[in-house]
Amino acid sequence: MIAQFYQNIILKNPRSIFVILLITLLTFGYYSKDFKLDASSDTLLIDGDPDLKYLKEITERYGSKEFLILTYTPKEGMISDASINNLLSLKYKIQSLDWVHSVVTLLDIPLLNSSDAPLQERLENFKTLKDEEIDRDRGFNEILSSPVFRNFVISEDAKTSGIIVNIKKDRELEDILNKTTKEIEAYKDEIKKQNHQNILEIRDVIKSYENVGKIHLGGIPMIADDMMTFIKSDIIVFGIGVFLFIIGTLWFVFRRLIWIIVPISSCFFSVIIMTGLLGLLGWKVTVISSNFIALMLILTMAMNIHMSTRFLQIKEYHPDKKTEELLVLTTRKMFWPILYTALTTIIAFLSLIFSEIKPIIDFGWMMTLGLVTSFLITFTLLPSLINFAPKENISQKKYGDSKITSFFAEISLKNHKTIFTVTIIVILLSLIGISRLEVENSFINYFSKKTEIYKGMKLIDEKLGGTTPLEVILKFPKNKNQETDDDFEDWDTGENKDDDKYWFTKDKIDRISLVHNYLDSLPQVGKVLSFSSIIDVATMLNNNKPLGTLEMGVLYSKIPESIKTEIIDPYISIKDNEARINLRIIDSQDNLRRNELINKINYDLKNKLGIEEKDFKLAGVLILFNNLLQSLFKSQILTLGLVMVGIFGMFLVLFKNIKLSLIGVVPNFIAAFFILGVIGLLGIPLDMMTITIAAITIGIAVDNSIHYIYRFKEEFDNSKDYKKTLVLCHSTVGKAILNTSITIVFGFSILVLSKFIPTIYFGIFTGLAMLLAMISVLTLLPSLILFIKPFKDI
């Protein structure tokens, strides 16, 4: 019924079908203008993560500004006249940009120990390094030895300084939250454009100061903008690279222009329609899905090569048949194997929807829709275009035997024991490698060492106290004077400001100092800032005499609001009866294991420092990204089992034979697990992209098994001879498998041109897995068929 409908409607009306496809192409091509990219940090978070909600609460409570950071390493000494003048000039130049709120440099740090005036006077009329009457050496040494500013605005070696560029808060943000989704998205797009312009402007400023020393730019807005540039670059480079490679492959395989035009047209139609569909649905491409165009080209090409190769083989067997008859035979023989190969690949990509991470879920759906599109185009556009071509032009110049497939056929026939021995060794190595796998999320190592992101983060990591932030929030039990309702209400609203000074009790200060010193002792931790840092500064100012709690309270009440807002309010919340300790992790440490570090801090705070679990909580970007990776690892390990069961089920439905289904899936499962083993043996941690390799490899590589077994079954029904069928299959479908596999392997190798390291790993290891899967299908699979002889019961 379906075959008759397809033959009458599609194959007999090539012109009408082509016109319909052309209209579809133009329609979706129009919507491709809405195709958008997204590189914001929100795209790498788990939807509904309670730690994300808590971090937002903390950020709101203690105040947070969006900022960029510059590292300034002058050619001359840091406090030489030239360096200070250059730094001042740079500060004022940046400050003049209309999107900049304020610029904080070494020259803006309050110097409280640079004169012998009374402390209160120094607090109210503090000086900075840019004041002419200041003792510059004394002031600089004060900053260099400051528990607050050392390794924060000045490196320990005094050669590198940090410049904080605070960005103006967008007043429209609060208003826009009440708008429609479309208006919110339009607003976000506008913000991205503005951010891009901001980064260009500040880079122009930096460029004009190249001769005064080394200046690197860092910060989340800059990373987001550069990531956007990387995604755009990757899409263009991958698309063009794969496109050129496919043309080369098609010419090498078919040696006729028609067999380049037809598959390339299928690829072009599939990609444009899919891009328009993404624009229509409002799905944005992220760094995770930036390779979707390359993947679509590769998978569409694989379908087309199988169809084209089978068409030419049938034409060789039936040279007198008309083109339409040849197409009927080809589509009838290829419909089910290509349908099932598409479905098995869809199962693999659908496994990504269990990840809880929106861009990965979207990537799974993107590729699912992409494969459906590619399948429909392959069975509509390809036969329509072949129908247009003159019959004499649709042959192949040379269709000889392949030396490679003939070699694999010979090995399969004569070397069963060697193949099985090598397979056992591969399985053992895979198990050893998989046992060594670990999941890590080193953000700095996601980028090439040549990129500005890497250079800036590395310098901040090594010189200015680390990059990845972590917060430890300490919650204090209610004080005795808070026990009555009236007292508590008065405390909580903060109406009685005089009560604030009584908050500073010995127990609280001791606990903050205890936790601060513990965190500071960890080798993975860079800069630690807390109220304890402020106390250390106050002690130094008090001639190294520790302040009593009463003195602290009095000092707190007398400190000018400008200083209080900048150096005290970010670390204590009297209203909420809690303290915040802010630390940064040295992200570039080779032996850093983030999940272990988080677990260790949680364990030590409870068991070594004796703080109850309810009285502390960890928050921050480190927690969010660790949650992301751990969640992805768990979901992918679980769904890998579902992918294997789903694909095995597909084989059962297609071949209706348990032995044959097991034989079909084994070579591909071995290839996928071996690649995970190789990653483990090389000591490369799984990241947010490489963690998906196994499921995707199985889904794509299993296509070869379906084509081989389907053809073997067909030919065996005619000859009833296993060895003859094996040789015949290697010389026919084996060549299509070889050609598609080479296309896929080299197609994935194009991903090494990315500037995003996980994408490079994904390309290398997926390509390697596909190569191994091809070799397994052309050696292990036929060897298993000869050994088990599964067709005797069919």
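Quick summary incoming for the structure in this document. (Residues numbered from 1 in each chain as written. Predicted model: local features only at pLDDT ≥ 70, side-chain atom pairs only at ≥ 80, totals over all residues. Heavy atoms only, no water.)

### Remarks on the overall build of the chain
For the chain, the helix and strand inventory stands at 29 helices and nine strands. In the chain, which comprises 794 residues, the share counted as buried stands at 57%. Here the analysis covers contacts within the chain between residues at least 6 apart in sequence; of these, 80% occur between residues at least 24 apart. Carbon and sulfur atoms form 58% of the exposed surface of the chain, whose accessible area is close to 35,700 Å². Positive and negative side-chain charges of the chain, numbering 86 and 88 respectively, have mean locations separated by a distance of 13 Å. (Helix = DSSP H or I, 4+ residues; strand = E, 2+ residues; numbered from the N terminus. Buried < 20%, exposed > 50% of the residue type's maximum accessible area, 1.4 Å probe, protein only. Contact = heavy atoms within 4.5 Å. Areas by Shrake-Rupley, 256 points an atom, 1.4 Å probe, with all protein chains shown as cover. Lys, Arg positive; Asp, Glu negative; His and termini not counted. Charge placed at Lys NZ, Arg CZ, Asp CG, Glu CD.)

### Quick notes on the pattern of salt bridges
For the structure shown, the criterion picks out 23 salt bridges. Across the pair aspartate 108 and lysine 91 runs a salt bridge, and its minimum N-O distance is 3.2 Å. Of the two residues, aspartate 108 is situated in the loop between β2 (100-104) and α5 (119-124) and lysine 91 in helix α4 (residues 81-95); the sequence distance between them amounts to 17 residues. Given a relative accessible area of 9%, lysine 91 falls into the buried group. (Salt bridge = Lys/Arg side-chain N within 4 Å of Asp/Glu carboxyl O.)

### Considerations on the sheet that holds strand β4 (residues 213-218)
Pairing within the open sheet is antiparallel, and its four strands lie in the order β2-β3-β1-β4. Looking at strand neighbours, the two that pair on one side only are β2 and β4, the edges of this open sheet. Within the sheet, the average angular offset between the axes of one strand and its neighbour, ignoring direction, is 20°. Lying on the sheet, helix α9 (residues 220-254) is in contact with β1 (67-74), β3 (161-167) and β4; it crosses β1 at an angle near 100°. Where helix α17 (residues 452-463) meets the sheet, it contacts β1 and β4, and its direction lies at approximately 105° from that of β4. (Pairing = 2+ DSSP bridges. Axes fitted to C-alpha atoms, helices over the stretch in contact; angles between N-to-C directions.)

### Remarks on the environment of threonine 160
For threonine 160, the location among the structural elements is in the loop between α6 (136-144) and β3. Expressed as a C-alpha distance, the spacing of threonine 160 and leucine 459, which sit 299 residues apart in the sequence, is 8.8 Å. Within the structure, threonine 160 has its side chain in polar contact with the side chain of threonine 73 (distance 3.0 Å). (Polar contact = N/O pair within 3.5 Å; in protein donor to acceptor, adjacent residues only side chain to side chain.)

### Details of empty space enclosed by the protein
Counted according to the given criterion, the structure contains six cavities of 30 Å³ or more. Quantified by volume, the second largest cavity comes out at close to 170 Å³. Among the elements that make up the lining of the second largest cavity, the one with the highest residue count is helix α26 (residues 693-719) (five residues). (1 Å grid on protein atoms, 1.4 Å probe; cavity = no way out; pocket = protein on both sides within 12 Å on 5 of 7 lines; lining within 4 Å. Points joined across faces, edges and corners; volume = space filled by probe spheres on them.)

### Here's the deal with the nonpolar core
The biggest cluster of nonpolar side chains holds 240 residues, and the ones touching the most others in it are Phe292, Leu519, Phe531, Leu605 and Tyr708. In terms of residue count, helix α11 (residues 292-317) provides more of this core than any other element does, 16 residues in total. In this structure, phenylalanine 292 is in contact with Phe35, Met274, Thr275, Leu278, Val285, Phe363 and Met367, ignoring residues within four places of it in sequence. Within the second largest apolar cluster, eight residues are counted, among which are Leu52, Tyr54, Tyr62 and Leu624. (Core = buried A, V, L, I, M, F, W, Y, C linked by side-chain atoms within 4.5 Å.)

### Some points on the packing of aromatic side chains
Under the defined criterion, the tally for this structure stands at 31 aromatic pairs. When the centroid spacing of 5.6 Å and the interplanar angle of 75° are considered together, the rings of phenylalanine 335 and phenylalanine 379 count as edge-to-face. Taken together, the residues phenylalanine 335 in helix α12 (residues 323-350) and phenylalanine 379 in the loop between α13 (358-378) and α14 (381-388) connect sequence positions 44 residues apart. For phenylalanine 379, a relative accessible area of 4% gives the class buried. Taken together, the ring pairs connect Tyr6, Phe335, Trp336, Tyr340, Phe375 and Phe379 into an aromatic cluster. A cation sits over an aromatic face here: lysine 617 above tyrosine 54, 5.1 Å from the ring centre. Lying across the ring of tyrosine 722, lysine 789 places its NZ or CZ 5.6 Å from the centre. (Phe/Tyr/Trp six-rings, centres within 6.5 Å; stacked < 30°, edge-to-face > 60°. Lys NZ or Arg CZ within 6 Å of the ring centre and 35° of its normal.)

### Some words on α17
With 12 residues, α17 should reach 16 Å at 1.5 Å per residue; the first-to-last C-alpha distance of 16 Å fits that figure. Those residues of α17 that fall on the buried side of the exposure criterion are Ile453, Tyr454, Gly456, Met457, Leu459, Ile460 and Asp461. Where the residues of α17 are buried, they touch β1, β4, α9 and β8 (578-585). Directly after α17, the chain includes glycine 465, whose backbone phi takes a positive value near 90°. (Expected span 1.5 Å × (residues − 1).)

### Here we look at the pairing of β3
Most of β3 sits out of view: seven of its seven residues are buried. Covered by surrounding structure in β3 are Ser161, Ile163, Val165 and Ile167 together with Gly162, Ile164 and Asn166, the residues of both alternating faces. Bridge analysis of β1 against β3 gives six bridges, and the strand direction is antiparallel. Bridge pairing in β3 links isoleucine 69 to isoleucine 164.

### A word on a nonpolar patch on the surface
Among the surface-exposed residues, Ile236, Ile240, Phe243 and Leu244 lie close enough to one another that they form a single nonpolar patch of about 390 Å² accessible area. By secondary structure assignment, the location of leucine 244 is in helix α9. Using a relative accessible area of 55% as the deciding quantity, one classes leucine 244 as exposed. (Patch = residues over 30% accessible without salt bridge, like charges linked within 9 Å, V, L, I, M, F, W, Y side chains within 5 Å.)

### Describing unusual backbone geometry
In this structure, asparagine 577 takes a positive phi of about 55° despite not being glycine. Checked against the element boundaries, asparagine 577 lands in the loop between β7 (572-573) and β8.

### Observations concerning the side chain of threonine 697
Relative to the elements of secondary structure, threonine 697 occurs in helix α26. When sequence neighbours within four positions are dropped, the list of residues in contact with threonine 697 reads Ala672, Val702, Thr766, Ala769 and Met770.

### Side note on the packing of α26 against helix α29 (residues 757-788)
Here α26 crosses α29 at 30°, and the two axes come no closer than 9 Å. In terms of their interaxial angle, α26 and α29 are classed as roughly parallel. Seen along the crossing, α26 lies across α29 with a hand that is right-handed. (Parallel < 35°, antiparallel > 145°, perpendicular 65-115°, else oblique. Left-handed = near helix turned anticlockwise from the far one by under 90°.)

### Notes on the packing of α26 against helix α28 (residues 733-749)
Packed helices, taken two at a time, are described by their axes: the angle between them and the distance between them. Here α26 crosses α28 at 175°, and the two axes come no closer than 10 Å. Classified by the interaxial angle, the pair formed by α26 and α28 is roughly antiparallel. In this structure, α26 contributes Ile700, Asn704, His707, Tyr708 and Arg711 to the contact, and α28 contributes Val733, Ile737, Thr740, Ser741, Ile744 and Phe748. For the contact of α26 with α28, a count of residues per class yields six nonpolar, four polar and one charged. (Nonpolar A, V, L, I, M, F, W, Y, C, P; charged D, E, K, R; others polar.)

### Notes on the environment of glycine 699
The residue glycine 699 is located in helix α26 in this model. For the pair glycine 699 and isoleucine 215, spaced 484 residues apart in the sequence, the C-alpha separation amounts to 47 Å.

### Considering the side chain of aspartate 615
Examined against the element boundaries, aspartate 615 turns out to sit in the loop between α23 (594-607) and β9 (616-619). Under the relative-accessibility criterion, aspartate 615 is labelled buried at 8%. One polar contact links aspartate 615 to lysine 614, side chain to side chain, over a distance of 3.3 Å. With near-sequence residues (within four places) excluded, aspartate 615 lies in contact with Ile473, Leu474, Lys475 and Arg511.

Limitation: the analysis is restricted to geometry and does not speak to function.
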